[in-house]
Amino acid sequence: MIRAYPAAAIQAAEEPVLAATPADALMVQAAGALATTVLRELRALGARRPGSVVLLLVGGGNNGGDALYAGARLARRGLVVLAALCAGTVHERALATARSAGVEVHPLRSGAELDVLALLTLARRAGVWVDALTGIGAAGGLREPLAGAVRALDDERLASPDEPLVVAVDVPSGIGVDDGALPGPVLPAHVTVTMSAPKPGLLLPPAAALAGRIEVVDLGLDAALAAGAPETAARLTAADAADLWPVPGAADHKYTRGVLGLVAGSARYPGAAVLATSGALGAGVGMLRYLGPPEPAALITARHPETVPGPGRVQAWALGSGIDPAAADRAAAVREALAQALAEDLPVVADAGALALLPERLPATTLLTPHAGELAALLRSRGHDVDRAQVEAEPLRHLRAAVDATGATVLLKGATTLVAGPHGPVHAQADGTPWLATAGSGDVLTGITGALLAGCAAELRSDTRRGGDLLARLGATAALVHGRAGVRASGGGPAGATDVARAVPGVVRELIEGEP
Ligand SMILES: NC(=O)C1=CN([C@@H]2O[C@H](COP(=O)(O)OP(=O)(O)OC[C@H]3O[C@@H](n4cnc5c(N)ncnc54)[C@H](O)[C@@H]3O)[C@@H](O)[C@H]2O)[C@@H](O)CC1
Ligand SMILES: Nc1ncnc2c1ncn2[C@@H]1O[C@H](COP(=O)(O)OP(=O)(O)O)[C@@H](O)[C@H]1O
Ligand SMILES: [K+]
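Residues numbered from 1 in each chain as written. Chains lettered and ligands numbered in written order. Predicted model: local features only at pLDDT ≥ 70, side-chain atom pairs only at ≥ 80, totals over all residues. Heavy atoms only, no water.

Under the annotation held in an unreviewed UniProt entry, the chain carries the name Bifunctional NAD(P)H-hydrate repair enzyme and is attributed to Georgenia faecalis.

Given below as structure tokens:
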């Protein structure tokens, strides 16, 4: 699992090490890794090492200090290194080291003013820009004059015939380090070299999209971080998903593997029920019972004769895909299944139409799977004044609000899918492709999720009693498999939801065989 720690946790873990080591030892170590990344990126671009020009965007804190020490190394290796000092004072020892290594130093700040024209002239000379304006010590979006400088650099980047390579130090300056917000301008990075551990803002949208590839520099703080406050954001890897996946043993039969009850589809949207079924069967559910009107039922049995129509005992429920909550009969079927699930303490995944049919409070064994528009509607139904754009701008805040308002675990679908429950970190999965943004794709996810809940129902019940977050991890696992199925089905081009569902068994096989 990739674990991301907020600024305060990183600072707390660093404190004893800083006190026990010579001045700047940690910073010099961080700078060494940063310099190595810059050299590696230059080599990958086929650039000549001597003669390549690197621009350091240096702010007033230790983040700028990292860049100055790294610049000193690069200058000693024959690169031309320009340091644009964007703060009135910068890290003094790092600056002295950079100067004596031959870094060209350009103080651009005079009081509240920053010479943006001079900055752009330097920027045009350089093929690599190292963004070290602010790191984990910053609060809020970049203030002027740094905000204006970043806006000008971003325009220059877009206008430049050879787009410069941007390497961010620790985080792209100006992101919400702890929540992934974008409160102001930020220079998008190709690579972020982050110290000790990822920061939540590197995993969480919308900021995560500006971080590029993430390289973590081991500064020996892992044990201290693990002993401190738990991570606040996480991302499951393929190995984590494989560990959580319910793989049948020799003693298993279809009932022990889990039966899923599906209330989905309607005369208007019959295909949604088929897609959810395809997702669940592709993910290996022991049995699927379908409860719905004749038209989708006939489609499902024609397509998947292994499906069992009509009621019976189940271990989990999947509700709502392709259901209009205004249609009285389908709404009643969702409510009835929900009441049964609550009475029997069974896990539920509630999607689409079911999201408008929920009681005020839900148990933590319920997983809601809205997209941003549905999350906004859910919050409005609980008295919050919020629209889709606001959810997209601050997804974590609104996800947490939905968890608080309902008591449920919530999976917010998007390019990065976020999952959080009342306990544990937010899981941020970015496994898919924009080709997944296609009608019916979410129905396939509901099916995959339902299969997982049915297969893990017993563990889920005891985990929930202990206040664990297994349901959120299972939601994240479903998102990972769905995202990978999208990538596999797409192969770089279009793929329909049917293709995504068809790719699920292959993705699961690769996972449990241990492919990364
Ligand atoms: N603590 C340490 O010894 C280590 C920290 N490391 C680096 O140190 C960084 C943290 O350093 P600092 O705590 O000095 O803080 P930063 O360098 O992140 O930022 C502080 C500077 O930014 C300015 N600033 C703060 N908020 C701002 C805003 N909204 N707009 C514009 N300017 C703003 C402050 O006035 C100050 O000059 C990390 O991100 C990492 O890069 C690494 O060197 C590893 C070791
Ligand atoms: N830009 C994107 N990149 C990757 N995945 C995406 C993107 N946009 C949407 N998705 C994924 O596609 C699915 C769309 O689901 P949903 O909005 O419910 O569609 P539908 O209701 O048509 O099934 C979700 O799993 C979501 O995470
Ligand atoms: K930075």
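Novice: Is there a simple way to explain the overall build of the chain in this structure?
Specialist: Counting secondary structure elements, the chain contains 20 helices and 20 strands. Taking 2.2 N^0.38 as the reference for a compact globule, 516 residues should give roughly 24 Å; the C-alpha atoms of the chain span a radius of gyration of 26 Å, in line with that estimate. Once the C-alpha set of the chain is aligned to its principal axes, its extents read approximately 80 × 45 × 45 Å. Counting over 516 residues, the chain shows a buried share of 57%. Contacts spanning at least 24 positions in sequence make up 70% of the contacts within the chain whose residues lie at least 6 apart. (Helix = DSSP H or I, 4+ residues; strand = E, 2+ residues; numbered from the N terminus. Rg over C-alpha atoms; globule rule 2.2 N^0.38 Å. Buried < 20%, exposed > 50% of the residue type's maximum accessible area, 1.4 Å probe, protein only. Contact = heavy atoms within 4.5 Å.)

Novice: Mind showing me how you'd approach the side chain of Asp463 here?
Specialist: With respect to the helices, strands and loops of the structure, Asp463 is situated in helix α18 (residues 457-465). The exposure class assigned to Asp463 is buried, which follows from its relative accessible area of 8%. Side-chain polar atoms of Asp463 contact the backbone nitrogen of Asp469, separated by 3.3 Å. Excluding anything up to four places from it in sequence, Asp463 contacts Gly468, Asp469, Leu470 and Arg473. (Polar contact = N/O pair within 3.5 Å; in protein donor to acceptor, adjacent residues only side chain to side chain.)

Novice: Explain the sheet that holds strand β12 (residues 259-263) here, please?
Specialist: Note on sheets: strands pair through backbone hydrogen bonds, and any given pair is parallel or antiparallel. The strand order across the open sheet built from 11 strands is β1-β11-β20-β19-β18-β17-β16-β15-β12-β13-β14, with neighbouring strands paired in mixed fashion. The sheet is open, and its two edges are formed by β1 (2-4) and β14 (308-309), each paired on a single side. Strand contacts of helix α13 (residues 328-344): β12, β13 (287-290), β15 (316-319) and β16 (348-350), with the helix running at about 155° to β15, the strand carrying the most contacts. (Pairing = 2+ DSSP bridges. Axes fitted to C-alpha atoms, helices over the stretch in contact; angles between N-to-C directions.)

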